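Summary of the model geometry
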Amino acid sequence: MGMQSDIKLIDENGLRIDGRKPDELRPIKIEVGVLNRADGSAYIEWGGNKILAAVYGPREAFPKHTQNPSRAIVNARYNMAAFSVDERKRPGPDRRAIEISKVISEALEASIFVEQFPRTSIDVYIEVLQADAGTRIAGLTAASVALADAGIPMKDLVVGCAAGKIDGKIVLDLNKEEDNYGEADLPLAIIPRTQEIVLMQMDGNMTREEVRQAIEMAKKAALFISNLQKEALRAKYEKGEIQKAEENLNAEVNKGE
Amino acid sequence: MSKGSDEIVYGLKRDYLEKISSKGTRIDGRSPTEYRPIVITPNYVLRAEGSADVKLGKTRVLVGVKIEPGEPFPDTPNQGVLTTNAELIPMASPTFEAGPPNEDSIELARVVDRSIRESKMIDLEKLVITPGEKVWIVYVDIHVLDYDGNLIDASQFGAVAALLNTTVPGSRYGLEDFSLPVNHVPVITTFVKIGKQLFVDPSLEEEEVSSARLSIATDENGNIVAMQKGLSGSFTQEEVYNAIDKSIEIGKDIRRRLFGR
């Protein structure tokens, strides 16, 4: 947590600079199956974040020495587009991206039935097109939807949210200014069905009680977002069914002619 | 050994360790919250501005601090710069390879860095030579020499010990030497989960069979300043809360024992 400043992040009415209440999420929109070539894909808009996720696999792991004879390896690659942030980001993975890729891979692996696909890799590509704080969790949330779209068996859709501390208060889902000038940030991801914690990081300064409060708040929000993931998948499925029905109907009509 | 037989040995080992750990027992007889013996030798490398050799059980890490003048970051013109790097050199383990930093060494460096940075251990504002132009850059380099588990804690203790004994080499640049200004002493505590049990300071054997890892950095006020969950297993909320409470306690003890604070 970074820069010192006199910016007031919570006003006298208890509202945040974007008008949200302390425990209020930014708007979230998820779409499934947005790419043609990928085995599965998803797009998420979360506040000012715009992120694409694509899944390839399970496919033969390459190079060969990376293969595991008893299970699939999960390779997530988190990447920020050069134009996704105010100051141009130099293309290619930096240390931050490598660390984020690692924790996202581990979080997804916790949910995937990797033992069903020995010697393969499941490759997850997360491209941040526009960044507005909370990209790792938004990317992870989209990635698990893309995994489901690819038909990969999982315990449940991994989902997350961050909570943090600004102006001495615990709040949900920090935006860019709050992340820059706030006092702590705690990204969290869970497997909703079991409520296991599969990703957790934290930086800043919080008391024990504040950490508990942040975890509880983030978990509650994650459970809510979990429904948005499922709705997005359902929407694609239903759309697909309607399309199929229409095609069948057309075929029937054509046959009749 | 072929990968296949590796798997079998691994499976047996894991079964055994999970069995004994379900009773809270460890293969080396430690209690779940007990560290291996820690021996820190500060000022091990005299060419460095600060250094510490850390032995944590059979794990050995050497941390060196070098300080040079340089440019501040544009968004923090009135602060010195801290950069942390870790090298998992091939000498330390048959599984380490030469070459550029990989995701393991990057995560290690970044977690140690976060504990130092977020606790505000170093008073970076006192490291300005000419505001906006020239500041002191503090390089913390972690050199892993012998890997027998828990590199995060060994490296973090080493970094803290080295920084507490660091002199800013002003006289080399026509200025005055001074002790690195330090305000806080963060201590990190790493837990791994084997079966359903949590253990601090995992040995390599324990790391190999653990499903998840959690590192928690605390400061002398008992506040949490950094956390990192690792590996592809999971923790329950209760386990996390428990680990946090223990890390505050253990951190206090280690801070007193190792750093006299």
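Below: a short report on this structure. Small disclaimer: the values here were computed from a predicted structure and weren't measured. Residue numbers restart at each chain and count upward from 1, following the sequence in its written direction. Ligands are numbered from 1 and chains lettered from A, in the order in which they are written. Local features in a predicted model are, by the rule used here, given only for residues with pLDDT of at least 70; side-chain atom pairs are given and counted only at 80 or more, and totals for whole chains, interfaces and linings are based on all residues.

This part covers the overall build of chain B. For helices the rule is a DSSP run of H or I covering at least 4 residues; for strands it is a run of E covering at least 2, with both sets numbered from the N terminus onward. Across its full length, chain B holds five helices and 12 strands. C-alpha atoms define the radius of gyration in this analysis, and the globule rule sets the expected value at 2.2 Å times the number of residues to the power 0.38. Relative to its length of 261 residues, chain B is compact, with a C-alpha radius of gyration of 19 Å against a globular reference of 18 Å. C-alpha atoms of chain B, sized along the principal axes, occupy 60 × 40 × 35 Å. Here a residue counts as buried when 20 or more other C-beta atoms fall within 10 Å of its C-beta, as exposed when 12 or fewer do, and as partly exposed in between; the C-beta atoms come from the backbone. Counting every position in chain B, which comprises 261 residues, the buried fraction comes to 46%.

Broken down by element type, chain A carries four helices and nine strands. Helices (α) and strands (β) of chain A occur, in sequence order from the N terminus, as β-β-β-β-α-β-α-β-β-α-β-β-α. The C-alpha atoms of chain A give a radius of gyration of 20 Å, which matches the 18 Å a tight globule of 257 residues would have. Oriented by its inertia axes, the alpha-carbon framework of chain A measures out at about 75 × 50 × 40 Å. Look at the contacts in chain A between residues 6 or more apart in sequence, and 71% of them connect residues 24 or more apart. Any residue pair is listed as a contact if its two C-beta atoms, each placed from the backbone, are within 7 Å.

With that settled, the discussion passes to the sheet that holds strand S3 (residues 49-60) of chain A. Residue and element names in this part refer to chain A. At least two bridges found by DSSP between two strands are what make those strands a pair. The five strands are arranged S1-S2-S3-S5-S4 in an open sheet whose pairing can be described as mixed. Both outer strands of the open sheet, strand S1 (28-32) and strand S4 (73-80), are each paired with one neighbouring strand and no more. Taken pair by pair, the neighbouring strands of this sheet meet at an average axis angle of 15°, ignoring direction. Two elements, S4 and strand S5 (residues 120-130), share eight bridges in a ladder whose sense is parallel. Considered in S5, the bridge of Asn-75 is made with Asp-123. On top of the sheet, helix H1 (residues 95-109) reaches S4 and S5; it is set at about 140° to S4, its chief contact. Orientation is described by axes fitted as lines to C-alpha atoms, over the contacting stretch for helices, and by angles from 0 to 180 degrees between their N-to-C directions.

Definition of nonpolar core: a set of buried Ala, Val, Leu, Ile, Met, Phe, Trp, Tyr and Cys residues joined via C-beta atoms within 7 Å. With 145 residues, the main nonpolar core has Val124(A), Leu188(A) and Ala218(A) as its most contacted residues. Contact partners of Val124(A), with chain neighbours within four places excluded, come to Ala53(A), Val55(A), Val74(A), Asn75(A), Ala76(A), Leu108(A), Ala143(A), Ala146(A) and Leu147(A).

All names here are of chain B. The interhelical angle for the contact between helix H2 (residues 103-118) and helix H3 (residues 151-164), taken along N-to-C directions, is 45°, at an axis separation of 10 Å. By the angle between their axes, H2 is oblique relative to H3. Once H2 is placed against H3, the crossing between them reads as right-handed. On H3, the residues that touch Leu-108, Val-111, Val-112, Ser-115 and Ile-116 of H2 are Leu-151, Ile-152, Ser-155, Gln-156 and Ala-159. When describing relative orientation, an angle under 35 degrees is termed roughly parallel and one over 145 degrees roughly antiparallel, while 65 to 115 degrees is termed roughly perpendicular and anything else oblique. Definitions for this section: a left-handed crossing has its near helix turned counterclockwise from the far helix by less than a right angle. A right-handed crossing has that turn clockwise.

Residues and elements named next belong to chain B. The terminal C-alpha atoms of helix H5 (residues 237-259) lie 31 Å apart, and with 23 residues this matches the ideal 33 Å at 1.5 Å per residue to within 8%. Burial in H5 covers these residues: Val-240, Ala-243, Ile-244, Ser-247, Ile-248, Ile-250, Gly-251 and Ile-254. One or two positions beyond H5, positive phi appears at Gly-260, with a value near 60°. Expected span of a helix: the number of residues minus one, times 1.5 Å.

What follows concerns the packing of H1(A) against helix H2 (residues 135-149) of chain A. All names here are of chain A. Following both chains from N to C, one finds H1 and H2 inclined at 40°, their axes separated by 11 Å at the closest point. Judged by the angle between their axes, H1 and H2 are oblique. When you trace H1 past H2, the crossing you get is right-handed. Across the interface between the two elements, Ile-100, Ile-104, Ala-107 and Leu-108 of H1 pack against Arg-136, Gly-139, Leu-140, Ala-143, Ser-144 and Leu-147 of H2. Basically, the charged four are Asp, Glu, Lys and Arg, the nonpolar ten are Ala, Val, Leu, Ile, Met, Phe, Trp, Tyr, Cys and Pro, and anything else, Gly included, counts as polar. Residues that form the contact of H1 with H2 fall into these classes: seven nonpolar, two polar and one charged.

A few words on H3(B). Spanning 14 residues, H3(B) covers 20 Å between terminal C-alpha atoms, matching the ideal 20 Å at 1.5 Å per step. Along H3(B), 13 of the 14 residues are buried, which leaves the element largely enclosed by surrounding structure.

With that settled, consider the interface of chain A and chain B. Contacts between the two partners involve 29 residues from chain A and, on the opposite side, 31 residues from chain B. If you list the elements that add at least two residues to the side of chain A that touches chain B, you get H1, strand S9 (196-206) and helix H4 (208-256) of chain A. For the side of chain A that touches chain B, the element with the highest residue contribution is S9(A), accounting for 11 residues. Split by residue class, the side of chain A that touches chain B holds 14 nonpolar, six polar and nine charged. Bridge count for S9(A) against strand S12 (residues 224-230) of chain B is four bridges, and the pairing is antiparallel. Paired with Met202(A) across the bridge in S12(B) is Met227(B).

All right, on to the environment of Gly251(B) then. All names here are of chain B. Secondary-structure assignment places Gly-251 in helix H5. Taking the number of C-beta atoms within 10 Å as the measure of exposure, Gly-251 has 22 and is therefore buried. C-alpha of Gly-251 to C-alpha of Asn-183: the two residues are 68 residues apart in sequence and 16 Å apart in space. With residues up to four places along the chain from it excluded, the contact list for Gly-251 reads Val-187, Thr-189 and Thr-218.

Strands belonging to one sheet form pairs held by backbone hydrogen bonds; the direction of such a pair is parallel or antiparallel. If you walk across this open sheet you meet the eight strands as S7(A)-S6(A)-S8(A)-S9(A)-S12(B)-S11(B)-S9(B)-S10(B), and the pairing is antiparallel. Edge strands, defined here as strands with exactly one partner in the open sheet, are strand S7 (169-172) of chain A together with strand S10 (197-200) of chain B. Neighbour-to-neighbour, the strand axes of this sheet turn through a mean angle of 20°, independent of strand direction. Here strand S9 (residues 187-194) of chain B runs beside S10(B); their pairing, made up of four bridges, is antiparallel. Bridge pairing links Ile194(B) to Gln197(B) in S10(B). Across the sheet, H1(A) is in contact with strand S8 (184-191) and S9 of chain A together with S12 of chain B; its angle to S9(A) comes to roughly 145°. Of the strands in this sheet, strand S6 (159-166), S8 and S9 of chain A touch H2(A), which is tilted by about 165° from S6(A).

Let's shift gears to unusual backbone geometry. Negative phi characterises most residues that are not glycine, and trans characterises most peptide bonds. All names here are of chain A. Gly-57 connects to Pro-58 through a cis peptide bond whose omega is 5°. Its place among the elements puts Pro-58 in strand S3. Cis geometry is adopted by the peptide bond preceding Pro-63, which originates at Phe-62 and carries an omega value of -5°. In this structure, Pro-63 sits in the loop between S3 and S4. Of note in the backbone geometry, Asp-167 takes a positive phi value of approximately 45° without being a glycine.

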